[in-house]
Amino acid sequence: MRAIKLDGFGGPEVMEWVEAPDPEAGPGEVLVDIAAAGVNRADVMQRKGHYPPPPGASEIPGLECSGVIAAVGEGVRGWSVGDRVCALLSGGGYAEQAVVPAGQLLPIPDGLDLGAAAGLPEVAATVWSNLVMTARLHAGQLLLIHGGGSGIGTHAIQVAKRLGARVAVTAGSAGKLEQCRELGADILINYREDDFVAVIRAEQGSGGPGADIILDNMGAAYLARNVEALATYGQLVVIGLQGGVKAELNLAVLLGKRAAVRATNLRGRPANGPGSKAEIIAEVSKHVWPLVAQGAVVPVIHAELPISEVGEAHQLLDSPDTVGKVVLQIGDY
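Residues numbered from 1 in each chain as written. Predicted model: local features only at pLDDT ≥ 70, side-chain atom pairs only at ≥ 80, totals over all residues. Heavy atoms only, no water.

**Observations concerning helix α9 (residues 277-287)**
Keep this limit in mind: In this scheme, a residue with accessible area under 20% of its type's maximum is buried, one over 50% is exposed, and one in between is partly exposed, where area comes from a 1.4 Å probe on protein chains only. Numbered from the N terminus, helices here are DSSP runs of H or I no shorter than four residues, and strands are runs of E no shorter than two. Think of the arc as the fan of directions from the helix axis to the C-beta atoms. Contacts between residues were defined by any pair of non-hydrogen atoms, one from each residue, lying within 4.5 Å.
Burial in α9 covers these residues: Lys-277, Ala-278, Ile-280, Ile-281 and Val-284. Buried residues of α9, viewed axially, fall in a sector of 160 degrees; they line one side. Where α9 is buried, its residues touch β5 (84-88), β7 (105-107), α3 (121-134) and α10 (289-294).

Next comes the structure, spelled out in structure tokens:
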């Protein structure tokens, strides 16, 4: 097969489309002929040398893909050769084939093509595991999403609204905020012009002024301000470190609000067991996939590019005009 190999770490030019060993499905795994792969911030960080794959995972970038099952390993039940699937991966998506633990597979929702489906597993698993399985988001709460125009942000808006929450988002342009509004966001904050703390503190969460839950992709840069923006009993859930890894935390403010700071990731979780990828995918299949099938939650795809333009795909993640996911076309669909 062919796959993307990193020739060192650095800019997009280190990614090369080269021959690679053909993977084989082992017990409990399936082999997928890949049609498309989603592009994620983690792929960019891996390319730059800041986010190595977990032990035992493929060195090939790519944390989600879609395609058709080509082979089924020993002990796999419920999946057959020829099934159209999308999958959550620990690595290996930027390739013509990938081996996937069966517990990380999802069927392609009715009415969705393989390109759009490739951009769903990572965002769906991230959003549901953090907002619902971790923070227990429910109707009537106020949720603040940083990066509302991102792949995770556009998905989280829709899921939170389906759960009956009020949604505030931050974004850096009027255009992105308008698209967030169209997806259901109630409170629009341009972080280049507005103080999100002041805006959120003026809103009433279920625990008082502030947000009941904040989904944060910035990390250190926003830590203190996020804690200020929480309502009493609020929860800050950190899922990204785009603003750095170290910051000072005023515990007195956290204590006074009886609030919590959580930090989670998805890639390093085990394949099976409590808190595993399989557990999360099962929850996504049960709760999110029906919403996708009904059209109540839709994948937001900014662009689909051929694998030969993988460098441009990575650059699009940093473009102020990009809203939603970027997908790489690898096979036919």
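**Here's the deal with the sheet that holds strand β10 (residues 187-190)**
To keep it simple, the criterion reads: Here, a strand pair is defined by DSSP locating no fewer than two bridges between the strands. Lines fitted to the C-alpha atoms define the axes, with helices restricted to the stretch that makes contact. Angles between their N-to-C directions range from 0 to 180 degrees.
Here six strands make up an open sheet; going across it, the order is β10-β9-β8-β13-β14-β15 and the pairing parallel. Here the strands that pair on one side only, and so sit at the sheet edges, are β10 and β15 (260-263). Taking each pair of neighbouring strands and ignoring which way they run, the sheet shows an average axis angle of 15 degrees. Across five bridges, the pairing between strand β13 (residues 211-216) and strand β14 (residues 230-238) is parallel. Considered in β14, the bridge of Ala-211 is made with Leu-230. Relative to β10, helix α5 (residues 174-183) is tilted by about 165 degrees, and along the sheet it contacts β9 (166-171) and β10.

**Describing the packing of aromatic side chains**
Which entries qualify depends on this criterion: Only rings of Phe, Tyr and Trp enter the pairing, Trp through its six-membered ring, and a pair is recorded when the two centres are within 6.5 Å. The plane angle decides the type: under 30 degrees is stacked, over 60 is edge-to-face, the rest tilted. Only when the NZ of Lys or the CZ of Arg is both within 6 Å of the ring centre and within 35 degrees of the ring normal is a charge said to sit over the ring.
Across all of its chains, the model carries one aromatic pair by this definition. Aromatic side chains Phe-196 and Tyr-222 sit 5.2 Å apart centroid to centroid with 40 degrees between the ring planes, which places their arrangement in the tilted category. Here Phe-196, found in helix α6 (residues 196-201), pairs with Tyr-222, found in the loop between β13 and α7 (223-229); they are 26 residues apart in sequence, far enough to count as distant. An identical accessibility class is assigned to Phe-196 and Tyr-222; each is buried. Above the face of the Tyr-222 ring, Arg-225 is positioned so that its terminal group lies 5.4 Å from the ring centre.

**Details of a negative patch on the surface**
Put simply, the test is: Note that patches include only residues with greater than 30% relative accessible area and no salt bridge, and the join distances are 9 Å for like charges and 5 Å for nonpolar side chains (Val, Leu, Ile, Met, Phe, Trp, Tyr). Reported accessibility uses the Shrake-Rupley method at a 1.4 Å probe radius. Residues are deemed covered only where the shown protein chains occlude them. Counted as salt bridges are all cases of a side-chain nitrogen of Lys or Arg within 4 Å of a carboxyl oxygen of Asp or Glu. The charge count treats Lys and Arg as positive and Asp and Glu as negative. His and the chain ends do not count. To locate a charge, take atom NZ for lysine, CZ for arginine, CG for aspartate or CD for glutamate.
Taken together, the side chains of Asp-22, Glu-24, Asp-33 and Glu-96 make up a negatively charged region of the molecular surface. Looking at where Glu-24 falls in the secondary structure, it is placed in the loop between β2 (15-19) and β3 (29-39). Residue classification places Glu-24 among the exposed residues on the basis of a relative accessible area of 70%.

**Description of a nonpolar patch on the surface**
On the surface, a cluster of nonpolar side chains totalling about 240 Å² of accessible area is made up of Leu-249, Leu-251 and Val-261. On the basis of relative accessible area, Val-261 is assigned to the partly exposed category, the value being 34%.

**Considering the nonpolar core**
For soluble globular proteins, nonpolar side chains are generally found buried alongside one another. What counts is decided by this rule: Among buried residues, the Ala, Val, Leu, Ile, Met, Phe, Trp, Tyr and Cys ones that are joined through side-chain atoms within 4.5 Å form a nonpolar core.
Counting 47 residues, the largest nonpolar core has Leu-131, Leu-143, Ile-157, Val-169, Val-284 and Trp-289 as its most contacted members. The next biggest cluster of nonpolar side chains, apart from the first, holds 36 residues, and it includes Ala-3, Ile-69, Val-76 and Leu-316.

**Some words on the side chain of Thr-170**
Heads up, the condition is: Contacts described as polar in this section are N or O atom pairs within 3.5 Å, which, within protein, must combine one atom able to donate a hydrogen with one able to accept it, while residues neighboring in sequence count only if both atoms come from side chains.
Relative to the helices and strands, Thr-170 resides in strand β9. Of the polar contacts made by the side chain of Thr-170, one reaches the side chain of His-146; its length is 3.1 Å. Sequence-distant contacts of Thr-170, that is, excluding residues within four places in its chain, are made with Leu-144, Ile-145, His-146, Gly-147, Gly-148, Leu-177, Ile-189, Tyr-191 and Phe-196.

**Looking at the pairing of strand β8 (residues 142-146)**
So the rule is basically this: Looking down the strands as they point away from the viewer, one classifies a crossover as right-handed if the path from the first strand across the helix to the second runs clockwise.
For β8, the tally of buried residues reaches five of five residues, placing the bulk of the element in the interior. Across the two faces of β8 the burial is the same, with Leu-142, Leu-144 and His-146 and Leu-143 and Ile-145 all buried. Once you follow β8 into helix α4 (residues 151-162) and on to β9, the crossover reads as right-handed. Relative to β13, β8 runs parallel, the two being bridged by three bridges. Pairing of Leu-144 across the sheet is with Ile-214, part of β13.

**Considering α5**
Of the residues making up α5, those classed as buried are Lys-176, Leu-177, Cys-180 and Leu-183. The buried side chains of α5 occupy one side of the element, clustering within an arc of 115 degrees when seen end-on. Every exposed residue of α5 that faces more than 90 degrees away from the buried side is listed here: Ala-174 and Glu-182. On its buried side, α5 packs onto α4, β9 and β10. Among the residues trailing α5, Gly-184 stands out with phi positive, at a value near 125 degrees.

**Overview of the packing of α3 against α4**
So the rule is basically this: Any angle that falls under 35 degrees is termed roughly parallel, while one over 145 is termed roughly antiparallel, one within 65 to 115 roughly perpendicular, and all others oblique. A crossing counts as left-handed when the near helix is turned anticlockwise from the far one by less than a right angle, and as right-handed when that turn is clockwise. Just so you know the grouping, Ala, Val, Leu, Ile, Met, Phe, Trp, Tyr, Cys and Pro go in nonpolar, Asp, Glu, Lys and Arg go in charged, and all remaining residues, Gly too, go in polar.
Viewed as axis vectors pointing N to C, α3 and α4 meet at an angle of 55 degrees, and their least axial separation amounts to 9 Å. As judged from the angle between their axes, α3 and α4 are oblique. Like other packed secondary-structure pairs, α3 and α4 cross with a definite hand, here right-handed. Between α3, through Val-123, Ala-124, Thr-126, Val-127, Trp-128 and Leu-131, and α4, the contact on the second element is made entirely by Gly-151, Ile-152, His-155, Ala-156 and Val-159. Looking at side-chain class alone, the contact of α3 with α4 contains eight nonpolar, three polar and no charged residues.

**Points about the environment of Glu-74**
With respect to the helices and strands, the residue Glu-74 is situated in the loop between β4 (64-72) and β5. Of the residues examined, Glu-74 reaches a relative accessible area of 65% and is grouped as exposed. Distance in space between the C-alpha atoms of Glu-74 and Ile-145 is 42 Å, their sequence separation being 71 residues. Apart from the residues lying within four places of it in its own chain, the contact partners of Glu-74 are Gly-26, Pro-27 and Gly-28.

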